[in-house]
Amino acid sequence: MHADAPTRNAAARRSADGGRSGTTLPFLALVIANIALAFGPLFVRLADTGPVASGFWRLALGAPFIAVLALGGGARPTRLPGGLWWALGGAGVAFAADLASWHLGILRTTLANATLFGNSATFIFPIYGFLVARAWPTRGQGVALALAVAGAALLMGRSYQLDAANLIGDLLCLLAGVLYAVYFVLMARARDSMGALPALALSTAASLPPILLFALALGERIVPQDWGPLIALALVSQVLGQGCMIFALGRLSPLVVGLALLIQPIVAAAIGWLVYAERLGAAELIGGGLIAAALVLVRRGKA
């Protein structure tokens, strides 16, 4: 399945997203993606299936919508190079393992810990980008990274707890963050040659068998009684969130994509305030402001 001609200058676009007008839409898509993905833990908690099974339904219910959108955008079945199949297949397996680990961790630790560790790709993926480009961050990028670190620490500092009771959940979410970074790396390679929706459609299809096997191996309940949370999880997190994320991944640098992941903890904190009456203190508000400043700085600066 192929939507558009190979993006020969994809790498160049990802390494030069400063203030260029051509990256305005991808950056907006990136923001929308992280806002949508932040609702995922809420839907997982509301689902009456097992946590890994909810990840399966996120993919299974979302896949037809993504396929229709890809076909509507002009994608047609075609022969793909072997290396591209390996990238897409590996991305699918990595994403299935990421969802399984994260969904298990969400129910075994605090929401703050799950959000923090689950987005450890915030710093892993930019490091990959620097290694591939063989260039250290510029001064502006370094300042943006420092602001992001400080903001994340403040945002999670008050609620984060190292507790033996949360250890397994913390480790599962940390593993999910590493797997998410692997998924990003493989999908970034696929996006050099494919459109966003075809790449997402094929990687989603590759994720379905392994995540279903994970759920069955754990003896989870697969078929729900209430489909509402699972449909919302599929449409909001997979179709809208992941679709916008993969679209942006082909057009923005790893640094911008990585730092934008910190939008999710901000939105998660707002969800906790609205749904669970979790109060936001001054530290969380300042942390959110620092993260916003980091995004503005890295968006305006030259990559």
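Residues numbered from 1 in each chain as written. Predicted model: local features only at pLDDT ≥ 70, side-chain atom pairs only at ≥ 80, totals over all residues. Heavy atoms only, no water.

Asks: Quick one: what's the story with the overall build of the protein chain, residue by residue and with numbers?
Replies: When you go through the protein chain residue by residue, the secondary structure sums to 14 helices and zero strands. Listing the helices and strands of the protein chain from first to last along the sequence gives α-α-α-α-α-α-α-α-α-α-α-α-α-α. Looking at the protein chain as a whole, 53% of its 303 residues are labelled buried. Sequence-distant contacts in the protein chain: of pairs separated by 6 or more residues, those separated by 24 or more amount to 92%. By element, 70% of the accessible surface of the protein chain is carried by carbon and sulfur atoms, the whole surface being about 13300 Å². (Helix = DSSP H or I, 4+ residues; strand = E, 2+ residues; numbered from the N terminus. Buried < 20%, exposed > 50% of the residue type's maximum accessible area, 1.4 Å probe, protein only. Contact = heavy atoms within 4.5 Å. Areas by Shrake-Rupley, 256 points an atom, 1.4 Å probe, with all protein chains shown as cover.)

Asks: Account for helix H10 (residues 196–217), naming residues and giving values.
Replies: The terminal C-alpha atoms of H10 lie 32 Å apart, and with 22 residues this matches the ideal 32 Å at 1.5 Å per residue to within 8%. Its maximal kink placed at leucine 208, H10 deviates by approximately 30°, while the proline proline 209 follows within four residues. Of the residues trailing H10, glycine 219 is marked for its positive phi of about 70°. (Expected span 1.5 Å × (residues − 1). Bend = angle between axes of the 7 residues up to and from the residue.)

Asks: Let's hear about the packing of helix H9 (residues 167–191) against helix H11 (residues 228–249): which residues, and what values?
Replies: At their nearest, the axes of H9 and H11 sit 9 Å apart, and the two run at 60° to each other. Here H9 is positioned oblique relative to H11, judged by the angle of their axes. Taken as a pair, H9 and H11 cross one another with a handedness that is right-handed. Contact residues: H9 offers Tyr180, Tyr183, Phe184, Met187, Ala188 and Arg191, while H11 offers Gln242, Met245, Ile246, Phe247 and Leu249. (Axes fitted to C-alpha atoms, helices over the stretch in contact; angles between N-to-C directions. Parallel < 35°, antiparallel > 145°, perpendicular 65-115°, else oblique. Left-handed = near helix turned anticlockwise from the far one by under 90°.)

Asks: Now, about the packing of aromatic side chains: what can you tell me, with residues and values included?
Replies: A complete count under the given rule lists nine aromatic pairs for this structure. Each ring, one from phenylalanine 39 and one from phenylalanine 43, has its centre 6.4 Å from the other, and the planes form 25°; the classification is stacked. Of the residues examined, phenylalanine 39 reaches a relative accessible area of 29% and is grouped as partly exposed. By relative accessible area, phenylalanine 43 is classed as buried at 12%. Taking the centre distance of 6.0 Å and the plane angle of 10° together, the rings of tyrosine 180 and tyrosine 183 count as stacked. Taken together, the positions of tyrosine 180 and tyrosine 183, both in helix H9 and three residues apart, correspond to about one turn of that helix. With respect to burial, tyrosine 180 and tyrosine 183 carry one shared label: buried. One aromatic cluster is present, formed by Phe95, Phe125, Tyr180, Tyr183 and Phe184 through successive ring pairs. (Phe/Tyr/Trp six-rings, centres within 6.5 Å; stacked < 30°, edge-to-face > 60°.)

Asks: Which residues make up the nonpolar core, and what are the values?
Replies: Counting 73 residues, the largest nonpolar core has Leu88, Tyr180, Tyr183, Phe184 and Met245 as the members making the most contacts within it. Per element, the largest residue contribution to this core is ten residues, and it comes from H9. Ignoring any residue separated from it by four or fewer positions in sequence, one finds leucine 88 in contact with Leu80, Met187, Ala190, Met194, Ala199, Leu202, Ser203 and Ala206. One finds Trp102, Phe117, Cys173 and Ala176 within the second-largest nonpolar core, a separate group that totals six residues. (Core = buried A, V, L, I, M, F, W, Y, C linked by side-chain atoms within 4.5 Å.)

Asks: Any details on the packing of H10 against H11? Residues and values, ideally.
Replies: The angle between the axes and the distance between the axes are what describe a pair of packed helices. It is the contact of H10 with H11, at a shortest axis distance of 9 Å, that shows an interaxial angle of 125°. In this view, H10 runs oblique relative to H11, as classed from their interaxial angle. Crossing geometry of H10 relative to H11 is assigned as right-handed. Only Gln238, Gln242, Gly243, Ile246 and Phe247 of H11 make contact with H10, whose side of the interface consists of Ala196, Leu200 and Thr204. Here the contact of H10 with H11 is composed, by residue class, of four nonpolar, four polar and no charged. (Nonpolar A, V, L, I, M, F, W, Y, C, P; charged D, E, K, R; others polar.)

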